[in-house]
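Chain and residue survey
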Amino acid sequence: MTCFCIARRFIQSLAVRQPSTQVPSWYDVNDLCKEGRLKEALAILHKNADHHGISFDSETYAALLRACLVSKALAGGKQLHAKMLISGSDQNSFLGTQLVGMYAVCGSLDNARQVFDKIHQRTILLWNAMIRGYAKGEPYEEAIALYYQMQQEGIQPDNFTFPLVLKACATLLALEEGKKIHRHIVRMRLEFDIYVAAALIDMYAKCGSIDDAREVFDKMSRRDVVSWNAMIAGYAKCGKLEVARHLFDKMPQRTVISWTTMIAGYVQNGHFHEALELYGRMQQTEFRPNRVTFVSVLPACAHLAALQQGKAIHDYIIRSKLETDVSVVTALINMYAKCGQINVAHELFDKMCKRDAISWNAMIAGYGMHGQGEAVVSLFVQMHQTGVKPDDVTFVGVLSACSHAGLVDKGLQYFHSMSRDYGIVPKMEHYACMVDLLSRAGRLDEARDMIAEMPFEPSPSVWGALLSACRTHGNIELGEYVAGHLFEIEPCNTGNYVLLSNIYADAGKWDEVTKIRIMLKERGLKKSPGCSWVEVNNRAHGFIGGDRSHPQSEEIYTLLEKLGKQMKKAGYLPDTSFVLHDVAEEEKEFAISTHSERLAIAFGILNTAPGTPIQITKNLRVCGDCHTATKFISKILEREITVRDINRFHHFKDGLCSCGDYW
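Summarised in this report is the structure supplied together with it. Keep in mind that what you see is a predicted model, and the values were worked out from it rather than measured. (Residues numbered from 1 in each chain as written. Predicted model: local features only at pLDDT ≥ 70, side-chain atom pairs only at ≥ 80, totals over all residues. Heavy atoms only, no water.)

1. Examining the overall build of the protein
Note the cut-off: Helix and strand assignments follow DSSP, with helices taken as H or I runs no shorter than four residues and strands as E runs no shorter than two, numbered in order from the N terminus. Type-normalised accessible area, obtained with a 1.4 Å probe on protein chains alone, sets the label of each residue: buried when under 20%, exposed when over 50%, and partly exposed for intermediate values. The contact rule is simple, with two residues in contact once any of their heavy atoms fall within 4.5 Å.
The helix and strand tally for the protein stands at 35 helices and six strands. Considering only C-alpha atoms, the protein reaches an extent of 105 × 55 × 55 Å along its principal axes. In the protein, which comprises 663 residues, the share counted as buried stands at 49%. When contacts within the protein are restricted to residue pairs at least 6 apart in sequence, long-range pairs at least 24 apart make up 62% of them.

Now the structure itself:
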């Protein structure tokens, strides 16, 4: 029945029951609903029911419930439900289906289930409505349970049921359950239904069974774009990006979701340049990025510290009127924080009308990586005061911030409060933060004791934090002990060998350094080279230590030599302990003066106007001598220089660093 017919029936019923001209027509109510003024529409109808004794038929209730569903107006839906309880209309299977659907969409699954359980004659539509609610919200297991229950009650699932229950299997990664349902689908001869097949592909792909997904895909006589997208996402999830891209390029037609799926696949697998390149191609088509696209591509800018591209995407977000979307703004906060613009990140955070736990976590992590521990503590207090409950990710950010800022007592306090006050059981990441916190502060014995008391086997990150501190504090014996564990856990990680070699080099044990070098060679391992890059004129320029392949190499090395002389006049003394070769002091000085971060800084100086801030990104921890040198350069040239290494940000200004030399 059309809305017009419903309206006409309602008006006719009003004319019979209540001739008063004071009663508004259905047209008035319908117009209010269209304008999003559902509350006023409901008020008018409740007034008629309460004061004029008008009762509504099922079509009228259904139309209003659908309006509540579209608007996600839970309060209005509950008001209608109350009227239906009085009239007994809630027992009607048709209206019950509408009620269940409304409650499910509004996130009130308990109310949806209460309605469902009270209806004795359940249609397939009602079963599907309840299963849909569980498939899109927790507990997902209930969707599967209802799938079996409906069959026990004599109701066979249809081509709408199977996609819903397969979605629950995909979310739960319940592969064996999904295979059982697949066999049922075959028995019912629905395996070639385009929607069922797409759901099967999605389930198999998300459960990591990509060959089964491809088998379903290849058997489809007709494929819709959903099937293609699911297959591409599946290959991207298991790291087969070449196959995913091949399918993407072969697609007969694409949607925004297709582009976004491929971009997200690149980002999830660390192919950030390719993600940005594909995003650029997307902008040349008729498709326009949506909120999911922005949330997917912004992490690529964050990882590459591609600030200018991030700003361009931000401008596009504003033009798309998505600058208030919580997920998009959170992604922007993360991008600006990782691109060194922590003040811009905080401005965006302050302007948010609504913040969820993810938004708070992004801001906390941002301040943490910039070494602003006190700001993180303040944010955590604010988060608690606003009623947003911290989760395990929140505490990773807080503990990491305390570690970088040297807030040992605060860190210990937060660690113990996790389980005591918030019921959060510490995970490996939290223990890694605590070991790092204690190790940085020189409390190596306490760090080792914490590792010994962990309820699970320590991960490489836990041992790595302690090994790094052994280098900082010159503890050879403990360093050898920790390195032994790391060599067993991850024998191919060259970073561990280099750290132990550093410890030996600091102590002048060159024979041991040589042994480490021989060990690396025998195992076919090569030290990861230090790489740094700087963004100038929207283009990233990369450098490797000692490299002379850049077109401006001669100018770069000349500038570094000149700066070296100026720095020494200002009191700079090269720390050659960071050179892992037993060579002449002069050679060591030259080696450290051409580390990748210094080449990038010199390039930035040469290609930007005097006084322009420079931002460098490095793939490894910045070396101690380069840290000292950058402080001198910032003062001599009166430049703000920001260096983001693998652990944190360093902001250099007027000869000082934001880390306070605690890093």
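2. Structural notes on the packing of helix H14 (residues 225–237) against helix H16 (residues 256–268)
The condition that has to hold: Axes, fitted as lines to C-alpha atoms, cover a helix only where it is in contact. Angles between the N-to-C directions of the axes lie from 0 to 180 degrees. An angle counts as roughly parallel when it lies under 35 degrees, as roughly antiparallel when it exceeds 145, as roughly perpendicular when it falls between 65 and 115, and as oblique in every other case. Residue polarity is assigned by list, with Asp, Glu, Lys and Arg as charged and Ala, Val, Leu, Ile, Met, Phe, Trp, Tyr, Cys and Pro as nonpolar; anything else, Gly included, falls into the polar class.
Taken N-terminus to C-terminus, the directions of H14 and H16 make an angle of 5°; their axes are 9 Å apart at the nearest point. By the angle between their directions, the pair H14 and H16 is classed as roughly parallel. Contact residues: Val-225, Asn-229, Ile-232, Ala-233 and Ala-236 in H14; Ile-257, Ser-258, Thr-261, Met-262 and Gly-265 in H16. Here the residues of the contact of H14 with H16 sort into six nonpolar, four polar and no charged.

3. Focus on the pattern of salt bridges
Which entries qualify depends on this criterion: Within this document, salt bridges are pairs made up of a side-chain nitrogen of Lys or Arg and a carboxyl oxygen of Asp or Glu, the two lying within 4 Å of each other.
Scanning the entire structure with this criterion turns up 21 salt bridges. Here Lys-180 ties to Glu-177 by a salt bridge, and the two come within 3.8 Å at their closest N and O atoms. Of this pair, Lys-180 and Glu-177 both sit in helix H11 (residues 175–187), three residues apart, which is roughly one turn of that helix. The exposure class assigned to Glu-177 is partly exposed, which follows from its relative accessible area of 21%. The network of salt bridges with common partners includes Arg-113, Asp-117 and Glu-142.

4. Let's talk about the pairing of strand S4 (residues 641–644)
Selection criterion: When DSSP finds two or more bridges between a pair of strands, those strands are recorded as paired.
On S4, burial covers both faces: Ile-641 and Val-643 on one face and Thr-642 and Arg-644 on the other are all buried. Sheet analysis places strand S3 (residues 614–618) next to S4, joined by four bridges and oriented parallel. Within the sheet, the bridge partner assigned to Gln-615 lies in S4 and is Thr-642. One ladder, built from four bridges, connects S4 with strand S5 (residues 649–653); its direction is antiparallel.

5. Some words on the sheet that holds S3
One open sheet accounts for six strands, arranged S2-S1-S3-S4-S5-S6; its pairing is mixed. A strand with exactly one partner marks an edge of an open sheet, and here the two such strands are strand S2 (539–544) and strand S6 (656–657). Both strand S1 (residues 531–536) and S3 contribute to a ladder of three bridges, which runs antiparallel. Of the residues in S3, the one forming a bridge with Val-534 is Ile-616.

6. Brief notes about the packing of helix H6 (residues 93–105) against helix H7 (residues 109–118)
Test applied: Left-handed describes a crossing in which the near helix is turned anticlockwise from the far one by less than a right angle; the clockwise case is right-handed.
Here H6 crosses H7 at 165°, and the two axes come no closer than 7 Å. When the interaxial angle is binned, H6 and H7 end up roughly antiparallel. For the crossing formed where H6 meets H7, the hand is left-handed. Of the residues in H7, those in contact with Gly-96, Leu-99, Val-100, Tyr-103 and Ala-104 of H6 are Leu-109, Asn-111, Ala-112, Val-115 and Phe-116. Its residues assigned to classes, the contact of H6 with H7 comprises eight nonpolar, two polar and no charged.

7. Some words on the nonpolar core
The condition is simple: Definition used in this section: a nonpolar core is a set of buried Ala, Val, Leu, Ile, Met, Phe, Trp, Tyr and Cys residues joined via side-chain atoms within 4.5 Å.
Ile-333 and Leu-466 are the most contacted members of the largest nonpolar core, which has 172 residues in total. If near-sequence neighbours (up to four positions away) are discounted, Leu-466 is found in contact with Val-435, Ser-439, Leu-444, Ala-447, Arg-448, Ile-451, Leu-478 and Val-482.

8. Considerations on the side chain of Arg-648
Quick reminder of the rule: Charged residues are defined here as Lys and Arg on the positive side and Asp and Glu on the negative side; His and the ends of the chain fall outside this count. Polar contact criterion, stated in full: a pair of N or O atoms within 3.5 Å, where within protein one must be able to donate a hydrogen and the other to accept it, and residues adjacent in sequence count only if both atoms are side-chain atoms.
Within the secondary structure, Arg-648 sits in the loop between S4 and S5. Salt bridges are absent for the buried Arg-648, whose nearest opposite-charge side chain, Asp-645, sits at 6.2 Å. A polar contact of 3.4 Å, which involves the side chain of Arg-648, links it to the backbone oxygen of His-404. Here Arg-648 is in contact with Met-369, His-370, Gly-371, His-404, Val-643, Ser-658, Cys-659, Tyr-662 and Trp-663, once residues within four sequence places are set aside.

9. Quick look at unusual backbone geometry
One non-glycine residue, Lys-321, lies in positive phi territory at about 60°. Its location among the elements puts Lys-321 in the loop between helix H19 (307–319) and helix H20 (326–338). Under the relative-accessibility criterion, Lys-321 is labelled exposed at 71%.

10. Digging into helix H25 (residues 408–422)
As a reminder of what qualifies: Working rule for helices: expected span equals 1.5 Å times residues minus one. Fitting axes to the seven residues ending at a residue and to the seven starting there, one defines the bend at that residue as the angle between these axes.
Relative to the 21 Å expected for 15 residues at 1.5 Å per residue, H25 spans 20 Å between its end C-alpha atoms, a close match to the ideal helical length. The sharpest bend along H25 comes to roughly 35°, located at His-416. Among the residues making up H25, those that are buried are Val-408, Gly-411, Leu-412, Tyr-414, Phe-415, Ser-417, Met-418 and Tyr-422. Summarising the contacts, the buried residues of H25 are in contact with helix H23 (373–385), helix H24 (392–405), helix H26 (428–440) and helix H27 (444–453).

11. Digging into the environment of Asn-537
Among the secondary structure elements, Asn-537 is positioned in the loop between S1 and S2. Its relative accessible area of 71% is what places Asn-537 among the exposed residues. In the structure, Asn-537 is positioned 71 residues away from Thr-608 in sequence and 9.0 Å away in space, judged by C-alpha atoms.

12. Digging into helix H35 (residues 624–636)
The end-to-end C-alpha separation of H35 is 19 Å, in line with the 18 Å expected for 13 residues at 1.5 Å each. Taken together, the buried positions of H35 are Gly-624, Asp-625, Cys-626, His-627, Ala-629, Thr-630, Lys-631, Ile-633 and Ser-634. Positioned one or two residues after H35, Glu-638 has a phi angle of 55°, which is positive.

13. A few points about the state of the cysteines
We count it as follows: Pairs of cysteine sulfur atoms within 2.5 Å are what we label disulfides.
Per the counting criterion, the structure on display carries zero disulfides. Not part of a disulfide, Cys-433 finds its nearest cysteine sulfur in Cys-402, a span of 9.4 Å. Unpaired in terms of disulfides, Cys-492 finds its nearest cysteine sulfur in Cys-531, a separation of 20 Å. According to the relative accessible area criterion, Cys-492 is exposed, its value standing at 62%.

14. Here we look at the environment of Phe-652
Along the chain, Phe-652 falls in strand S5. The sequence separation of Phe-652 and Phe-632 amounts to 20 residues, and the corresponding C-alpha distance is 9.1 Å. Beyond its immediate sequence surroundings of up to four residues, Phe-652 is in contact with His-627, Thr-630, Lys-631, Ser-634, Arg-639, Glu-640, Ile-641, Val-643 and Cys-657.

15. Thoughts on the environment of Asn-269
Structurally, Asn-269 is set in the loop between H16 and helix H17 (272–283). You can call Asn-269 partly exposed: its relative accessible area is 28%. Taking the C-alpha atoms as reference, Asn-269 lies 37 Å from Ile-476; in sequence the two are 207 residues apart. Apart from residues no more than four positions distant in its own chain, Asn-269 is found in contact with Ala-236, Gly-239 and Leu-241. Within the local environment of Asn-269, its side chain forms a polar contact with the backbone oxygen of Ala-236, the two atoms lying 2.9 Å apart.

16. Side note on the packing of aromatic side chains
Two numbers describe a pair of aromatic rings. These are the distance of the centres and the angle of the planes. Stated formally: Working definition: rings of Phe, Tyr and Trp (its six-membered ring) pair if their centres are within 6.5 Å, and the pair is stacked with planes under 30 degrees apart, edge-to-face with planes over 60 apart, and tilted otherwise.
Counted under the stated rule, the structure contains 17 aromatic pairs. Consider the rings of Phe-248 and Trp-259, whose centres lie 5.1 Å apart with planes at 80°: the pair is edge-to-face. One end of the pair, Phe-248, is in helix H15 (residues 241–250); the other, Trp-259, is in helix H16, and eleven residues separate them in sequence. A relative accessible area of 0% means that Phe-248 is categorised as buried. The interplanar angle of 75° and the centroid separation of 6.1 Å between the aromatic rings of Trp-463 and Tyr-481 together place this pair among those described as edge-to-face. Residue Trp-463 is located in helix H28 (residues 460–473), and its partner Tyr-481 is located in helix H29 (residues 476–489); the two are separated by 18 residues in the primary sequence. By way of ring pairs, the aromatic residues Phe-380, Phe-395, Tyr-414 and Tyr-422 are connected into one cluster.

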